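Next come the chains, spelled out residue by residue.
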Amino acid sequence: MFALKVARRYLTSNPAQTVLLVTGVALGVTVFIFITALIEGLAIRLTDQVTANSAHVTLEPPTRLAEILTGDEAVRTEGVALVSTFQRRQIRAWRSTAELITRQPGVSALSPQISGNAFLVKGEAVQPVSVTGLEPEGLDAITPITPNLVSGQGALGADGLLIGTQLAEDLGLTAGQPVLLRTDRGGERLLTVRGVFKTGLQSLDSRVAFLSLQTARPLFDLPEGVTNIEIKLDDPGRAREVADFLAGATGLRATPWQEKNLNLEDALEAQGRTGTLIQLFSLISIVIGVASALVLSAYRRRSEVGIMRAFGISGGFIVAVFMLQGLLIGLAGGLLGCVSGYGLCTFLASLTDAEGNAPLPIAPERGGYVAVLILTTLGAVLASAFPARSASRIDPLEAIQQ
Amino acid sequence: MSRVLQARGVVMTFRNGDEETEVLRGIDVALETGELVALVGASGSGKSTLLSILGLLLRPTAGEIEIAGQRVEGMSERARAAFRNQRLGFVFQFHHLLPDFSAMENVAFPAAAPAGGISPEMRRRALSLLDRVGLADRADFPATRLSGGQKQRVAIARALMNKPDLVIADEPTGNLDLRSAGQVLDLMEEVNREDGGTFLICTHDEHVAARCSRRIQLVDGRVQAQDEGSDHRD
């Protein structure tokens, strides 16, 4: 393609200017990648921190909301459906539901649970607790308890109980000591503290007690069902999608983790919008840089373009020459920027503070490389459209007479 | 001999606000194949304007123009550009070579750009034209490394690349020293004599006009006389 040869020749005829131009584009792309990787990394870190000790999707029985019923228009009847409170809210068919969930792609773990409120009584000390009854083999499925044990062991057994350090301190308990559990269903049983854990989360360490599902059943008067099923996913970002599917498939209420953390979601969205603005400004600066360089080039080459037009070279050829210059600059700058952006992000991600933590929550693999390469190349081609159009409209007579 | 160019009643009026300036006032000219014609006249006589109109770089206010048997005044801009590319050759006072290309690439450019590349056949013709203008050994030289006279000879080769019916030259020796100007004139005469190329040369130089087979004298936008030249070729 002869236009490509001409475009290449124009770019290589002034190597210093071309190198500066490509470097400018590459810098813009590097900024774009850095911001993208930083925002993605921050979102991942925050999401991990929030969901590390909790479920990505929670399945519960449907709510008991009263519903207004409207009848046939001709009959004009109206009434209110009252939901029965004579039955316990529970998931009776939890085994088949668990099987359905396990078959879903992207589900990494699930935990059927009996959750309820109770008091722990030790002598005159009484503390309200949130009790979670779960299958002992799935103790760490949702919240990593065993790795966070500071004393005792994770084997729940028939009368075992695991509590957090804060709760243990409030009640003066240590591993191996007995404690009375009194539930809001009237159940009461003397249990043994098997282990004490410390997750670092105040809500868990001071308010939650874990026991086995079988131990929980009589205490909460629930011989068959479970109160909720907690689910972990490989990708927390798919929680809404999975929740929607499970709600439709089971008729249960499925709540993704985002709905329990609306403030976090708002913050992540605001952060994402800020990032988008910075990315947009990076792209605009690239487009302006390429456009101004090509406008100057078109002006400097007026007489050359004029003579081409005099020879009857088509305006389309001139447009192609200038737009191909934009394409080459965008592609070269984009590729160089991707390499330097990845290098910068990888370097920053490798930095650690005294405690071995990364000071910048950067995700080099989430730099949006393909997107920025396409956007930069398109932007540079778009930026060359104006100078290309103006060059193709140069009056040959005027240019030659200059 | 066949007629290459026929212009009848060509009028050109430039408008500047309410003021109108009539630069050409009904020009009738004709060129036969193989002629070497000088277009002469004082400054402001309208010869450059007429040359631009006959080269399809400017549209006349009125008049009919036929080049190589085709009426051109009604053509679209795209068709005029294609016609310029295929049927006309241009040599300007300044060579206007493309500085980033070699002598051979400059010569081949008018054929290569529409075709999308320099084919082996184009390369052969460009090299043969460079040989014709005595610059075969400079084919790969960048245009910027050629002397003024060499550049103008490359410009003549470029004008001949697409085998035009008519070569329009605007003061082709105006920027050259005497020796280079003589070489360029010799070259045009040679191409005219040996290949039957038709040239219309706009000049204010009496020596150049004297070497043409015919001269068209413009005075105040009108053809005053069409004389046979002194014809130094014999």
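All of these numbers come straight from a predicted model, not from anything done at the bench.

## Observations concerning the layout of surface pockets
Residues and elements named next belong to chain A.
Argument step 1. In this model, the largest pocket occupies a volume close to 890 Å³.
Argument step 2. Gln-113, Ser-115, Ser-130, Asn-228 and Glu-230 are the residues nearest the centre of the largest pocket, which is lined by 36 residues in total.
Argument step 3. If you list the elements that add at least two residues to the lining of the largest pocket, you get β1 (57-60), β4 (107-122), β5 (125-134), α5 (202-207), β10 (208-212), β11 (228-233) and α8 (257-260).
Argument step 4. In terms of residue class, the lining of the largest pocket is made up of twelve nonpolar, 14 polar and ten charged.

## Remarks on the packing of aromatic side chains
Argument step 1. Applying the stated criterion to the full structure yields seven aromatic pairs over all chains.
Argument step 2. Taken together, a centroid distance of 5.9 Å and an interplanar angle of 65 degrees make the contact between Tyr342(A) and Tyr369(A) edge-to-face. Linking Tyr342(A) in helix α11 (residues 315-350) with Tyr369(A) in helix α12 (residues 369-392), this pair joins segments that are 27 residues apart in sequence.
Argument step 3. Here Tyr342(A) falls in the partly exposed class, since its relative accessible area comes to 46%.
Argument step 4. Cluster of aromatic residues (ring-pair linked, three or more members): Phe2(A), Phe317(A), Phe101(B) and Phe109(B).
Argument step 5. The ring of Tyr10(A) has Arg301(A) sitting right over it, with the charged end atom 3.7 Å from the ring centre.
Argument step 6. Sitting over the face of the ring of Phe141(B), Arg145(B) holds its NZ or CZ atom 4.7 Å from the ring centroid.

## A look at the packing of helix α10 (residues 302-310) of chain A against α11(A)
Argument step 1. One can describe the packing of α10(A) onto α11(A) by two numbers: an axis separation of 10 Å at closest approach and a directional angle of 150 degrees. Each of Val305(A), Met308(A) and Arg309(A) in α10(A) lies in contact with α11(A), whose residues at this interface are Gly315(A), Phe317(A), Ile318(A) and Phe322(A).

## Remarks on empty space enclosed by the protein
Argument step 1. One pass over the structure, following the stated rule, counts three cavities of 30 Å³ or more.
Argument step 2. Each pocket or cavity is described by its volume, and for the largest cavity that value is around 90 Å³.
Argument step 3. Taken together, Tyr10(A), Leu11(A), Asn14(A), Gln17(A), Thr18(A), Leu21(A), Leu294(A), Ser297(A), Arg300(A), Arg301(A), Gln325(A) and Ile329(A) form the lining of the largest cavity.
Argument step 4. Elements with a minimum of two residues in the lining of the largest cavity: α1 (2-13), α2 (15-51), α9 (262-300) and α11 of chain A.
Argument step 5. Counted by class, the lining of the largest cavity contains five nonpolar, five polar and two charged residues.
Argument step 6. Counted as a void, the second largest cavity has a volume near 50 Å³.
Argument step 7. Forming the walls of the second largest cavity are Phe311(A), Arg84(B), Asn85(B), Leu88(B), Gly89(B), Phe90(B), Pro110(B), Arg158(B), Ala159(B), Met161(B) and Asn162(B).
Argument step 8. When residues in the lining of the second largest cavity are grouped by element, the largest group, three residues, is from strand β6 (residues 88-91) of chain B.

## Digging into the nonpolar core
Most often, soluble globular proteins have nonpolar side chains that are buried together.
Argument step 1. Within the largest apolar cluster, 101 residues are counted, with the highest numbers of intra-cluster contacts made by Phe317(A), Leu24(B), Leu54(B), Ile65(B), Phe109(B) and Leu130(B).
Argument step 2. Looking at which element gives the most residues to this core, the answer is helix α3 (residues 103-115) of chain B, with eight residues.
Argument step 3. Here Phe317(A) is in contact with Phe2(A), Ala3(A), Val6(A), Met308(A), Phe109(B) and Ala113(B), once residues within four sequence places are set aside.
Argument step 4. Formed by 45 residues, the second largest nonpolar core is a distinct cluster that contains Ile91(A), Ala98(A), Val193(A) and Leu252(A).

## Remarks on the environment of Gly367(A)
Argument step 1. Considering the arrangement of structural elements, one finds Gly367(A) in the loop between α11 and α12.
Argument step 2. If near-sequence neighbours (up to four positions away) are discounted, Gly367(A) is found in contact with Ile33(A), Thr36(A) and Ala37(A).

## Here's the deal with the interface of chain A and chain B
For interface size, the figure often reported is the accessible area lost on association.
Argument step 1. The interface of chain A with chain B comprises 21 residues on the first partner and 23 residues on the second.
Argument step 2. Interface of chain A and chain B: buried area, both sides summed, is about 2100 Å²; carbon and sulfur atoms make up 69% of it.
Argument step 3. Here chain A is connected to chain B by three salt bridges.
Argument step 4. Counting the contacts that link chain A with chain B gives eight residue pairs in polar contact (both at pLDDT 80 or more).

## Looking at the confidence of the model for chain B
Residues and elements named next belong to chain B.
Argument step 1. On average, residues of chain B carry a pLDDT of 87, and 96% of them reach 70 or more.
Argument step 2. The lowest-confidence element of chain B is strand β10 (residues 222-228), averaging 76 in pLDDT; the highest-confidence one is α3, averaging 94.
Argument step 3. Between residues 230-234, whose pLDDT stays under 50, and residues either more than four places distant or in other chains, the model counts eleven contacts.

Reading the values: rules and limits
- Residues numbered from 1 in each chain as written.
- Chains lettered and ligands numbered in written order.
- Predicted model: local features only at pLDDT ≥ 70, side-chain atom pairs only at ≥ 80, totals over all residues.
- Heavy atoms only, no water.
- 1 Å grid on protein atoms, 1.4 Å probe; cavity = no way out; pocket = protein on both sides within 12 Å on 5 of 7 lines; lining within 4 Å.
- Points joined across faces, edges and corners; volume = space filled by probe spheres on them.
- Helix = DSSP H or I, 4+ residues; strand = E, 2+ residues; numbered from the N terminus.
- Nonpolar A, V, L, I, M, F, W, Y, C, P; charged D, E, K, R; others polar.
- Phe/Tyr/Trp six-rings, centres within 6.5 Å; stacked < 30°, edge-to-face > 60°.
- Buried < 20%, exposed > 50% of the residue type's maximum accessible area, 1.4 Å probe, protein only.
- Lys NZ or Arg CZ within 6 Å of the ring centre and 35° of its normal.
- Axes fitted to C-alpha atoms, helices over the stretch in contact; angles between N-to-C directions.
- Contact = heavy atoms within 4.5 Å.
- Core = buried A, V, L, I, M, F, W, Y, C linked by side-chain atoms within 4.5 Å.
- Buried area = accessible area lost by both parts, 1.4 Å probe.
- Salt bridge = Lys/Arg side-chain N within 4 Å of Asp/Glu carboxyl O.
- Polar contact = N/O pair within 3.5 Å; in protein donor to acceptor, adjacent residues only side chain to side chain.
- pLDDT = per-residue confidence, 0-100.

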